[in-house]
Every structure is written in structure tokens, then in C-alpha cells.
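Descriptive analysis of the structure
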Amino acid sequence: MPSYTVTKFNLNPKKMDSSLGQIHSVLKEKKNQVCFSGLLKYQCFNAKLPDSDFLRILSGFKQGVLKILVIFLPGFIGFSGLSAQEPLKHEKCIYKAEDGKLYINKDLPLYIRIATSSGEDAESWLLSSTKTSRYANPMYLDTEGWNSLRSPSAVDTSTKKVVYPLQDIIFDLYADGIPPQSEIKFGASRVFDDDTILYADSGEEIGFDGNDSMSGIEDFYYSVNGTSFIGLKKQKTNFEDEGRYDVGYYAVDNVGNVEEPKKISFVIDKTAPVTNHSIDGINENNIVAPDASIVLEAQDSLSGVKNIFFAVNDGDFELYKKPIPLTVLSDEESKITWYAVDNVGNKEALKFIGTIASAGASENEGSETFDYYIDREAPEVNISFKGPHYRNDREYISGNTKVVLNAKDDKSGVKDILYSYNSFVTSEEYTEPFFPEGNDIVKITYSAIDRVGNSAEETTRAVFIDRNVPESRVDFDGPVFRNRDTLFIAPSTMAEIRATDKESGVKDVVFILNDQKNNYTSPFKGWKRGVNRLVWYALDNVSNKEEKKEMTFIMDEDAPEIHHHFSVEPIGKKVVRDEEYVIYPSNTKLYIGATDDTSGEESLQYTINGDKVSSEIPVEGFEPGNYEIAIEAVDALKNKTAKTIRFAIEK
């Protein structure tokens, strides 16, 4: 066995040029070929290569922590990660499919035998050709796909007579000379291509797929990292271990056509990135400058880092793009949490850095405290309102609302709060909540100063003082009748309360119908018979309340009462179809009227024997005959009543 030496070099990505130069100087002393094995690429070099070629080849390696394995072997020959393994030998053949179709490899010679029995042991004779003997025994099929052997004039197998109309006997067979096509599939694996190699987060669903338009695929054959090809049916693929896979593969169809082998390289990456942090701007004794920040750097030796995400305290995670200012941390319990994700989705476990309070209260591994004190922050000032307050497109308060100012400074403390309204100078010292003056828009400007002179930026809040009550009225939709100062409505009449407020807007409308209180949402009814009492008022969004309004009205649901009489006395009676008719002379007149005790009659109409409608009174000019008069009376609220009068006229 020849002797060899193994040397391992660790490359620093930040000092790649000097590291490669050191390795090169060592290799130039050797006379043998050497093999460099990186995590992602494999390439073999001769140590006597010119420097420019040597460095050019090395520059193709993936940046990161690379391992270079140097093996000195006498007569060592070249090596490639995608070793060229020869495909297996596959015999060309004839294949009979389950549907009975016969497929023949197009390259195979064909000999045709005939027999007088279908038995496998039956004696057979090889057919020969006199006219085309040059192309027979063997013969070859010329057409890809369907071919046929024909005999003219089919003969009935029972009568032994020619079948009419004449037809050929056709024997089908299929020539297959085209190899299948295959490809590798990554299934649900997350895949990343860095333009040099593929990465996947899992090899569990990696497999082969393909198609063959004729005889169909018999099997897929593959080779992993230089091993001999093996059939997929014999041994399933296993790409579960993390690392690089150089895979050769091809498909074979059922008649022995072999696809040209294909090659692919990919890396299974199951390892999450690792992120480290540093503090940029830290001074001695952990006293930091106002512009200090946290720098996050992540490394991933395989597919590479895609993104780093961070969150402050319990906020949402966001993409890390630049150093994080320490000002996002408070002096109390506070932390920054982060993690990195590589290009195939491997996610790093959460890490964080925080103040002493946050780290002491946490049980997370990898936590780190950062003790510092910096007072470059002005007090925090906020405004609130004690009393009615409403915001939509504007901010509204009522005349009974006080303005409250609060300031906070966790370092040196608040010295003064200053404010003004409708003024360019913020100089009024705030001591207690106050009522702002004005009847329209008031601009309140406020600020605060801490005990070391940090002054908060002035903030202006524009509020609208709404001192006016809303206005409302009641409208009726439906039959309404007014007689002097009395209002009459029908049972179907709806009441609608319309309220307006030009400032903060209407919030609620309340109505009391016959001592029943309700919030108004839509037109309503529900009247009782006779006198009804309705009280209502509106409130705006800052609790300004309208004075109560009131009205009374009468609900009339009684229809008019119809009356009639004839100008002369009857002269007899008779019965027609079981109906009794009173008989009057031809000179009689009929008087019709109606009375309504509440809203009064509005219309009175009638028809004679179903003829046209009329309202003329009295009714006269009767000819001898039987009469049916239909009368309808309607009052002012559309309450209706009807009455029918039957009588006869005789001379």
C-alpha cells in the first residue's frame, strides 16, 4: 500500500487571499497531484499549476468555512465529484403489455414463424421471402410505433369461405426505438439554487419521474457519489443525511431502450444558521454613546443565510437590515430577540440580548445581559381628556371636558410641563387639568423638560370644542290628517326621527312612546288606539343633550259609517235567487251619505250593477229592473268601509 499524508486547512473567509497563498506555498514543494475537498465542490489539481490557474480554480469554492484535504499519493490520478460511472448493461427485448399489445425494440432483428396450433410446443416453420429475401430473415421494423403484418382476404374460421366485403387480416405490433426521459423531483422539499448547485432542506421526498410514449418505463437506475448504478425497484433512494450528493441517473423502458445518463448535484442542508451579535459603540465600563447599536451577523456553511429577523420586547419580528439602535431598549426589563433563516428555510433557535432585569427574569438559554445607563432622552409627554371626548375625522371635546397633561422621565425626572393654546409661545406652566377656552378649533401645544435639560419636542393637538346640542324633529310617513291643532294618523303610519349635529355628530336618539323608552334606530309605529304621547331627544358624541320634545296625536283605525235612504216608500217585495228585493217606483231617488267620528269622510263613491264609478248624489233615473249598488267610503286616513244595497224598480 502506498504511503500518504493527510493535511487539513481551515480557511478564514475574511483572509482568503493570505490563506490560499499559504496553502499554495506548501503544495508547490510536492511533486504529486493533490485533491482538494470542499464542502460544496470537489476539484483535483496538480501542484505545479501556474499560480494564476491555481488561484482561479480555488476562487470557485463556496465562501465560508471550507475544509481542504491534501492527499499525497504516488501516481494519484484525477478525481471529480461527479464520477463517471458506466450505466448497467440492459438487454433489448420484446415486451407484452397487460393490454396485450406487443412491443419490440426497434433495433432487434425479427424472424417470423408460423404454426398450425397455438400451443407453445407446436411445430413451427420459419417464413422466407422470395421477392424480398434481401430484407427478410432478419427483417427490421421501419416505423416507430404501430406496425402491422397483413394477409389479404380474411377467411371465415368456420365456413372456410372468404369474408365479404373483402378485408385484410392484420397483426399489430409496436416498434419502440426511443429511450425514455427522466428527471429528478424534489417533492415538497424547499429548494434553493445559488447558480452553482442546488440545496434542499430534506431528501425524504426526492425521487425520480419520467415518461415513455411507447412500452413504458421499466425502472430508474441511479448512482450516488460514484457508487455503481442500481435500480430503484431494487433499492429505494436515501438522501436523508446532510451533505452533498452527486447523482447520476437514467431510465430504461420495457424493451431495453436506455436513456443517456444524466447528472445532478445537490446538498441536503438540515443545519440552521448561527447568529452572533456585537455592540458597536460600546465604551469602557459599559457606558455607551447615544449612537450605540447592536450588530447581528449570521453564518451558514451550506445554503447560506437568507434573512435575519429581530423583535423588540414582545413586538412583531421584522427584517434585520442595519444595526439596531440601543435606544429601542429601556432601562427596565427589555430585550431584543433574533433568529436567522437559511436559503432552504432552516430556522435558528431564538436568541436574545437584554437589560439586567430581562435576563435575570428569563430562563432562555443563550441570554445575555447588557448593563448600561444613558440619559439622552427627553421626557415623554402625553395628553388626555377628562370628560366627553370623541374622535373621527376630527377630535371633539365638550365644554365640560378638561385637558390633562402627563409627562414621564425614567432617568433624571420631569422638571416642568409647559403648554399653550392658540399661541406661538409655549410658556404656560401646567399645574392641574384645565378647561380650554373657545367655541371652535383649539390648538393645544405642549412640551416638558427633565432635570438635566432635555426638552421634549413640542407637540400640537387640534381639538374641536362642541358646546352645541343636536337638533331633531319627527316626520310621519303614511296617512296623516290635521284638523285645527289635532293630528290624526293611521295604524300603518310610520314615525321617523331626524336628528342632526354639525359638530361631533349625533350619537343616540331616545324616544318615549306612551311611557315606553326606546333607542331610535329606524322608523317605527306601534300606536295605541286613540291618543298617543311621543317624547324624544338627541345626544351628540360629546354628551351634549337636546331638550326633550313632545307631541300628542290620535291614531284613528275606524272606517266611516255608510247611510242611505230612498225618497219614497217601497211598493212591495220580491225574492230573486234567494235574495229579497224591496220594490220602489221608477220615480224614486236614492240618497247616500257617510259619517266618521274622528278624522272625517274624505270620499264616497258607488257603482250600479258593476258599471262605472260615480259620486253623484242623489242617485235617480232608475229604469224598471233589479239593482245592486256597491258603496265605498274612505276617511282622511284612508280607512275604508263598503256596503251593498239591493232593490228593484217597477212601474
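Note that this is a predicted model, so its numbers are computed, not measured. (Residues numbered from 1 in each chain as written. Predicted model: local features only at pLDDT ≥ 70, side-chain atom pairs only at ≥ 80, totals over all residues. Heavy atoms only, no water.)

Some details on the pairing of strand β6 (residues 102–105)
Here is the rule: Two strands qualify as a pair provided DSSP detects at least 2 bridges between them. Counting from the N terminus, the helices are the DSSP runs of H or I reaching at least four residues and the strands are the DSSP runs of E reaching at least two.
In the sheet, strand β5 (residues 94–96) pairs with β6 via three bridges, with the strands oriented antiparallel. Looking at β6, one finds that K96 is bridged to L102. Linking β5 back to β6 in an antiparallel pair, the connection comprises five residues, with G100 at a positive phi of about 90°. Pairing between β6 and strand β10 (residues 169–176): three bridges, direction parallel. If you follow I104 over to β10, its bridge partner there is A175.

Quick notes on the sheet that holds strand β15 (residues 217–224)
The pairing of strands in a sheet comes from backbone hydrogen bonds and takes either a parallel or an antiparallel form. Read from one edge to the other, the open sheet built from six strands follows the order β12-β13-β18-β17-β15-β16, with strand pairing classed as mixed. Looking along the sheet, the strands with just one partner apiece sit at the ends: β12 (191–193) and β16 (230–231). Sheet topology note: the strand β17 (residues 243–253)/strand β18 (residues 262–268) ladder contains seven bridges and is antiparallel. Each bridged residue has a counterpart across the sheet, and for V247 the counterpart in β18 is I264.

Thoughts on the side chain of D269
Heads up, the condition is: As used in this structure description, the phrase polar contact means that two N or O atoms lie within 3.5 Å; if the pair is within protein, one of them must be able to donate a hydrogen and the other to accept it, and residues adjacent in sequence are counted only when both atoms belong to side chains. Residue contacts follow a heavy-atom distance rule, with two residues in contact if any of their heavy atoms lie within 4.5 Å.
Looking at where D269 falls in the secondary structure, it is placed in the loop between β18 and β19 (274–282). A polar contact is formed between the side chain of D269 and the side chain of S303, at a distance of 2.7 Å. Dropping the residues within four chain positions of it, D269 is found in contact with A200, D201, E242, D300, L302, S303, D342, V344 and N346.

Some remarks on the pattern of salt bridges
Put simply, the rule is: Any Lys or Arg side-chain nitrogen located within 4 Å of an Asp or Glu carboxyl oxygen qualifies as a salt bridge. Relative accessible area decides the class of each residue, using a 1.4 Å probe on protein chains only: under 20% of the type maximum gives buried, over 50% gives exposed, and in between gives partly exposed.
Scanning the model with the defined rule gives 18 salt bridges in all. Salt-bridge contacts for K185 lead to E183; the nearest nitrogen and oxygen are separated by 3.2 Å. Residue classification places K185 among the partly exposed residues on the basis of a relative accessible area of 37%. The partly exposed category is assigned to E183, whose relative accessible area is 37%. Ionic pairing is found between E395 and R461, a salt bridge with its closest N-O pair at 2.7 Å.

Structural notes on the pairing of strand β45 (residues 579–585)
Every other side chain in a regular strand lies on the same face of the sheet, so the side chains alternate between the two faces. Note that strand β44 (residues 572–576) and β45 share five bridges and pair antiparallel. By the bridge assignment, K574 is partnered in β45 with Y581. Hairpin connection between β44 and β45: a loop of two residues separates the two successive antiparallel strands, and R577 in this loop has a positive phi of roughly 50°. Sheet topology note: the β45/strand β50 (residues 640–650) ladder contains four bridges and is parallel. Paired with V582 across the two strands is F647, which belongs to β50.

As for the confidence of the model for the protein
What counts, and what does not: Each residue gets a pLDDT score, which is the predictor's confidence in that residue and runs from 0 to 100.
With 80% of its residues at a pLDDT of at least 70, the protein reaches an overall mean of 82. Here residues 1–10 is a poorly scored stretch, pLDDT under 50, and it has 25 contacts once near neighbours within four places are set aside; other chains count. Overall, residues 28–57 carries pLDDT values under 50, and its contacts beyond four positions in sequence, including any with other chains, amount to 79 contacts.

A look at unusual backbone geometry
Look at the link from Y164 to P165: it is a cis peptide, with omega at -5°. Of note, P165 is situated in the loop between β9 (145–151) and β10. Along the chain, I617 connects to P618 via a cis peptide bond; the corresponding omega equals 5°. Turning to its location among the elements, P618 is positioned in the loop between β48 (613–614) and β49 (625–635). You will see that S543, though not glycine, has its phi angle at about 70°, which is positive. Within the secondary structure, S543 is located in the loop between β41 (530–540) and β42 (549–555). The phi dihedral of R577 falls on the positive side, at around 50°, and the residue is not glycine. When its relative accessible area of 77% is taken as the criterion, R577 is described as exposed.

Side note on the sheet that holds strand β33 (residues 441–450)
Read across the open sheet, the six strands follow the order β28-β29-β34-β33-β31-β32; overall the sheet is mixed. Strands with a single pairing partner mark the edges of an open sheet, and in this sheet they are β28 (389–391) and β32 (428–429). Taken together, the six bridges between β33 and strand β34 (residues 459–466) define a ladder with antiparallel strand orientation. Each residue of the ladder has a partner; that of K443, found in β34, is A462.

Thoughts on a nonpolar patch on the surface
In plain terms, the rule: In this analysis, a patch consists of residues with relative accessible area above 30% that form no salt bridge, clustered at 9 Å for like charges and at 5 Å for the nonpolar side chains Val, Leu, Ile, Met, Phe, Trp and Tyr. Note on areas: these come from Shrake-Rupley sampling with a 1.4 Å probe, and a residue is covered only by the protein chains present in the view.
Together, V155, V162, Y164 and L166 make up an exposed nonpolar region whose accessible area comes to about 420 Å². You can see Y164 is positioned in the loop between β9 and β10. The exposure class of Y164 is exposed, given its relative accessible area of 66%.

Some details on the packing of aromatic side chains
Any pair of aromatic rings gets described here by the distance separating the centres and the angle formed by the planes. We count it as follows: Geometry of aromatic contacts follows a simple scheme: Phe, Tyr and Trp rings, the Trp one being its six-membered ring, pair when their centres are within 6.5 Å, and the pair is stacked under 30 degrees between planes, edge-to-face over 60, tilted otherwise. Any Lys NZ or Arg CZ that is within 6 Å of a ring centre and within 35 degrees of that ring's normal is treated as a charge sitting over the ring.
Following the criterion strictly, the structure yields 35 aromatic pairs and no others. When the centroid spacing of 5.1 Å and the interplanar angle of 85° are considered together, the rings of F239 and Y245 count as edge-to-face. Measuring from ring centre to ring centre gives 5.1 Å for F622 and Y627, while their planes differ by 75°; the resulting arrangement is edge-to-face. The two residues F622 and Y627 agree in class, both being buried. Ring pairing ties together the aromatic residues F476, F511, Y520, F524, W527 and F553, which thus form one cluster. K335 extends its terminal NZ or CZ atom over the ring of F352, reaching a point 5.2 Å from the ring centre.

Focus on the nonpolar core
This is how the line gets drawn: Nonpolar cores are built from buried Ala, Val, Leu, Ile, Met, Phe, Trp, Tyr and Cys residues. Side-chain atoms within 4.5 Å join them into one set.
In terms of nonpolar packing, the biggest core is built from 19 residues, with I184, F186, F208, F239, V247, I264 and F266 touching the most fellow members. For this core, the secondary-structure elements that each account for two or more residues are β13 (198–200), β15, β17 and β18. At four residues, the largest contribution of residues to this core is made by β17.

Thoughts on the environment of P180
Within the fold, P180 resides in the loop between β10 and β11 (181–185). Along the sequence, P180 and G256 sit 76 residues apart, while their C-alpha atoms lie 10.0 Å from each other. Leave out the neighbours within four places in its chain, and P180 touches N211, D212, I217, A251, V252, D253, N257 and E259.

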